[in-house]
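Given next are the chains, with one letter for each unit.
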Amino acid sequence: MHVVFDHAEPVARDITTFYFRPQRPVHYMAGQFTEVYLPHAADSRGERRWFTLSSSPTEELLAITTRTAATDSSTYKKGLAQLQPGVELHLAEPMGDFVLPKDPSIPLVFVAAGLGVTPVRSMVKYLSDTGEQRHIRLLYATSHSTDAPFMSLFTAYHLELTRLVRHPEAGYAGLAGSVTTERVLGLAEDLEEPYIYVSGPEPLVEATYKGLIAHGLPNERLIMDYFPGYPQF
Ligand SMILES: Cc1cc2nc3c(=O)[nH]c(=O)nc-3n(C[C@H](O)[C@H](O)[C@H](O)COP(=O)(O)OP(=O)(O)OC[C@H]3O[C@@H](n4cnc5c(N)ncnc54)[C@H](O)[C@@H]3O)c2cc1C
């Protein structure tokens, strides 16, 4: 699908949301992803990247949210940061099954590590815009306490939020550490047959999935979104 770059907005330290205007109506489900083709003089990582649409189908513009650090970024991320409004780009049709279950009564546990928060933003925004209150617990893990976009949306939606910070600053009073199977099990244990969604860096999602399976959770209630390219959150 053809889109036109509209504008970019910083949403946290080194994290930016890029907005695109589709040339024709796009049908997608909250939580799905696309591939963005960005022609440029690319390093060995190439000219294409997968991104979750952090926007909701209820919003006019499509959006992706990604890391855009000034140092140690790929040529792709540098190119993205230099996009000028009006530039036309090609995106793949949205796809993927990291989406909400049809049955609204199923309790949901979301585990988002770093930029793994993008599909959660899309789904919570969709539910909020359509006025549908579901039972959601979110474990939102970031590297630093300031690296967490979309907090105001999550707070306004009244989901049960647990923040986890891997490198807490001096004086940080909240939970510190990484995502572990035990933490995820702790969030899910008193819920009746919840669906557990985990998204973030591939090694973390892989380890969490294996841990949950080893504890006997059924595969059909585990929905994983693996982000390659980020070794850690
Ligand atoms: C289904 C799916 C959904 C995804 N959704 C998102 C999303 O919503 N948001 C998102 O940000 N990503 C998402 N990703 C991951 C995305 O496709 C990229 O892999 C990721 O953003 C890293 O981008 P980058 O390679 O440009 O590296 P950068 O973001 O520039 O850097 C990431 C890390 O790689 C290191 N690095 C940078 N350049 C190099 C290099 N040339 N060689 C070796 N290491 C390098 C950096 O030091 C840094 O640690 C998704 C992936 C999939 C498969």
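Going by the structure above, here's the rest.
What comes next concerns the included structure. Here the structure is a predicted model, which means the values were calculated and not measured.

Procedures and definitions
Residues numbered from 1 in each chain as written. Predicted model: local features only at pLDDT ≥ 70, side-chain atom pairs only at ≥ 80, totals over all residues. Heavy atoms only, no water. Core = buried A, V, L, I, M, F, W, Y, C linked by side-chain atoms within 4.5 Å. Buried < 20%, exposed > 50% of the residue type's maximum accessible area, 1.4 Å probe, protein only. Helix = DSSP H or I, 4+ residues; strand = E, 2+ residues; numbered from the N terminus. Contact = heavy atoms within 4.5 Å. 1 Å grid on protein atoms, 1.4 Å probe; cavity = no way out; pocket = protein on both sides within 12 Å on 5 of 7 lines; lining within 4 Å. Points joined across faces, edges and corners; volume = space filled by probe spheres on them. Nonpolar A, V, L, I, M, F, W, Y, C, P; charged D, E, K, R; others polar.

A few words now on the nonpolar core. Judged by nonpolar contacts, the single largest core of 23 residues is most densely connected at Phe110, Val124, Ile136, Leu138 and Phe154. Of all the elements in the fold, those that place two or more residues in this core are β7 (108-113), α2 (118-129), β8 (136-142) and α3 (151-156). Ranked by the residues each element gives to this core, the list is headed by α2, at four residues. When neighbours within four sequence positions are excluded, Phe154 is seen to be in contact with Val117, Val120, Arg121, Val124, Leu138, Tyr140, Pro149 and Leu159. Within the second largest apolar cluster, 21 residues are counted, among which are Ala113, Leu164, Leu191 and Ile196.

A few words on the layout of surface pockets. As a volume, the largest pocket reaches approximately 1,000 Å³. Among the secondary structure elements, those contributing two or more residues to the lining of the largest pocket are β4 (48-52), β5 (62-67) and β12 (222-227). Broken down by element, the residue count for the lining of the largest pocket peaks at five residues, all from β4. Of the residues in the lining of the largest pocket, the class split is 13 nonpolar, 13 polar and 11 charged. In this structure, the second largest pocket encloses a volume near 190 Å³. Lining the second largest pocket are Met29, Ala30, Pro57, Val99, Leu100, Pro101, Lys102, Tyr126, Glu132 and Arg134.

So yeah, pure geometry; function would need other evidence.
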